[in-house]
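Structural features, examined
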Amino acid sequence: MTEHTTAVAASSAPDGAPQLRFEGTTPYEDYIHASVLSSLQRPLSNDPGEMAFIVTTQVMELWFTLIVYEWRAARDALLKDDLELAMDALRRSQRSHQALNHSWQPLAALTPAQFNGFRAAFGEASGFQSAQYRHMEFLLADKSRSLVQAHRGHPAVYAELEEALAEPSLYDEVLRYLYRRGLPVPEHVLERDVTQPYQPDGWVEEVWRQIYAGPQNDPLVQLGETLTEVAELVLRWRSDHLLATRRAMGAKAGSGGSPGVAWLEKRANRSVFPELWTARGYV
C-alpha cells in the first residue's frame, strides 16, 4: 500500500478499517496503473508456459528501465563531481540488478518440450531486440550502431537510442572523473569516439593499479569495488541467460535470426569495465 493510500485510509476510517469508497479508481490504481500492467499479457497460444514467459520478460523490461535510470543518475552525478550521489545510485542499481538476475527463475528450468510448447507464438521476437537492454549496454560502453538499426521502425525509440549512442557511457564519465581527481588517464581515452565500443587500455589499467595499491579507505577504491560488483552482476546475468537458453533449446538457431547459444556465448564473454579486472593482477 502506498503512503498516499494509507493517508486516505487513516483520515477517512478512524476505526482502523481500510477505506473502501472512492470516487472513480482507487489511489493505488491511479499511482501504480496496475490494471494497465495486468492488461499487457496477451498469450498467442494455449500453452500455460507462455504466460510465465511473457510476465517474466515484461518484469525484466521493468528492471532494465530502473537500472538504466540509476546508471544515468550515477553518470550525471560524476559529471558534477558528486561521488557520494553517484555511489548511492550505483548501490541502488546493484539491488535492482540482483532482482533482475533472480527473474530468470520462472524460466530457468524449462525443458525443450516445454519451451517448444509456445516458442512458435513469438515468431521472430528475441531478447536482443530489447531497446532498454540496449540502453544498459550503451551505459556500460558496449556501443553498437548496427544494433540500433533494428529500431528504425519505431521513431521515438530509435531517436532515444541514437542519442544514447552519442552520449558518454557511465565508464567514460568514471574515467573523466578520475582524471579531474589528478590521476593520469590518457588524453586519447578522454577524447575517444564514444559511439564506438570501449577498448581496454594499458594506461587506464595503470590508473586502477595505482588506486588499488594505495590506501584502502580511499573513496576511489570504494568506487572501483562498487563498479566491480555492478560488472559482476552483469556477467552473472549474461551467464544465467546463456544457461537458461542452452537448457531450453540447446544449439538451435535463435528466434530473431541469431545463432542462439553461440550468439549468447559471444556476448557473455564481452568484458565490463575491463581494467578493473586486469589491474588486480599487478597490485
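Owing to the predicted nature of the structure, the values given are computational and were not obtained by experimental measurement. (Residues numbered from 1 in each chain as written. Predicted model: local features only at pLDDT ≥ 70, side-chain atom pairs only at ≥ 80, totals over all residues. Heavy atoms only, no water.)

Note on placement: methionine 51 falls in helix α4 (residues 48-79). Since its relative accessible area comes to 36%, methionine 51 is described here as partly exposed. Put simply, methionine 51 and threonine 65 are 14 residues apart on the chain and 21 Å apart in space, counted from C-alpha to C-alpha. Residue contacts for methionine 51: discarding those within four places in its chain leaves Gln41 and Pro43. (Helix = DSSP H or I, 4+ residues; strand = E, 2+ residues; numbered from the N terminus. Buried < 20%, exposed > 50% of the residue type's maximum accessible area, 1.4 Å probe, protein only. Contact = heavy atoms within 4.5 Å.)

Among the nonpolar cores identified, the biggest contains 56 residues, and Trp71, Leu178, Trp208, Leu223 and Phe273 are the most heavily contacted of them. The set of elements that each furnish at least two residues to this core consists of α4, α5 (83-102), α6 (112-119), α7 (131-139), α10 (170-180), α11 (187-190), α12 (202-213) and α13 (219-249). Sorting elements by how many residues they give to this core places α13 first, with 11 residues. Counting eight residues, the second-largest nonpolar core is a separate cluster that includes Phe138, Val157, Tyr158 and Ala164. (Core = buried A, V, L, I, M, F, W, Y, C linked by side-chain atoms within 4.5 Å.)

Taking 1.5 Å of rise per residue, 12 residues should cover 16 Å, and helix α9 (residues 155-166) covers 17 Å from first to last C-alpha, within 8% of that figure. Of the residues making up α9, those classed as buried are Val157, Tyr158, Leu161, Ala164 and Leu165. Along α9, the residues classed as buried sweep out an arc of 125° about the axis, all on the same side. The inward-facing, buried residues of α9 abut α7 and α8 (145-148). (Expected span 1.5 Å × (residues − 1). Arc of directions from axis to C-beta.)

Relative to the elements of secondary structure, tyrosine 69 occurs in helix α4. Owing to a relative accessible area of 56%, tyrosine 69 belongs among the exposed residues under this scheme. Sequence spacing of tyrosine 69 and serine 93 is 24 residues, and the spatial spacing of their C-alpha atoms is 8.6 Å.

Unoccupied space between atoms shows up once a probe the size of one water molecule is rolled over them. Put simply, the largest pocket is a space of about 1200 Å³. Elements with a contribution of two residues or more to the lining of the largest pocket: α4, α6, α7, α13 and α14 (261-268). Per-element tally for the lining of the largest pocket: the top contributor is α4, with eight residues. Looking at the lining of the largest pocket residue by residue, the classes come out as 24 nonpolar, 12 polar and eight charged. (1 Å grid on protein atoms, 1.4 Å probe; cavity = no way out; pocket = protein on both sides within 12 Å on 5 of 7 lines; lining within 4 Å. Points joined across faces, edges and corners; volume = space filled by probe spheres on them. Nonpolar A, V, L, I, M, F, W, Y, C, P; charged D, E, K, R; others polar.)

With that settled, the discussion passes to empty space enclosed by the protein. Under the counting rule described, the total for this entry stands at one cavity of 30 Å³ or more. Of the volumes computed, that of the largest cavity is approximately 50 Å³. What lines the largest cavity is simply Arg72, Arg75, His135, Phe138, Leu139, Lys143, Ala164, Glu167, Pro168 and Ser169. Residue assignment for the lining of the largest cavity shows that the elements contributing at least two residues are α4 and α7. Ranked by residues supplied to the lining of the largest cavity, first place goes to α7 with three residues. Tallied by class, the residues present in the lining of the largest cavity amount to four nonpolar, two polar and four charged.

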